[in-house]
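Single-letter residue listing:
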Amino acid sequence: MKEYQAVVVKLTRHTRENEDTLTDLLNERSRGGWEPTLISQDGERLVLIFCRSAEG
């Protein structure tokens, strides 16, 4: 069985700030065993869906 997690990131006009936010988010989820499954952008919002195998 798999479990999913959705994260919505509001992008700013500052590229470096966006890069830092995304890098931190991806590193944090990766350490928890999450893998990005879907990435979608709608204007200033970036939606990331992560997936991992559920234990049990």
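Here's what I pulled together on the structure shown here. Computed from a prediction, not measured in an experiment: that's the story for all the values here.

Quick notes on the rules
- Residues numbered from 1 in each chain as written.
- Predicted model: local features only at pLDDT ≥ 70, side-chain atom pairs only at ≥ 80, totals over all residues.
- Heavy atoms only, no water.
- Salt bridge = Lys/Arg side-chain N within 4 Å of Asp/Glu carboxyl O.
- Helix = DSSP H or I, 4+ residues; strand = E, 2+ residues; numbered from the N terminus.
- Buried < 20%, exposed > 50% of the residue type's maximum accessible area, 1.4 Å probe, protein only.

**Thoughts on the pattern of salt bridges**
Phase 1 of the analysis: Tallied over the full model, the rule gives 5 salt bridges.
Phase 2 of the analysis: In this structure, R16 engages D20 in a salt bridge whose closest nitrogen and oxygen atoms are separated by 3.6 Å. Within this pair, R16 and its partner D20 are both found in helix α1 (residues 15–31), separated by 4 residues, close to a single helical turn.
Phase 3 of the analysis: What makes R16 exposed here is its relative accessible area of 58%.
Phase 4 of the analysis: With a shortest N-O distance of 2.6 Å, R29 and E28 are connected by a salt bridge.
Phase 5 of the analysis: Overall, the relative accessible area of 14% leaves R29 in the buried class.
Phase 6 of the analysis: Here the salt bridges share partners, and the residues they tie into one network are R16, E19 and D20.

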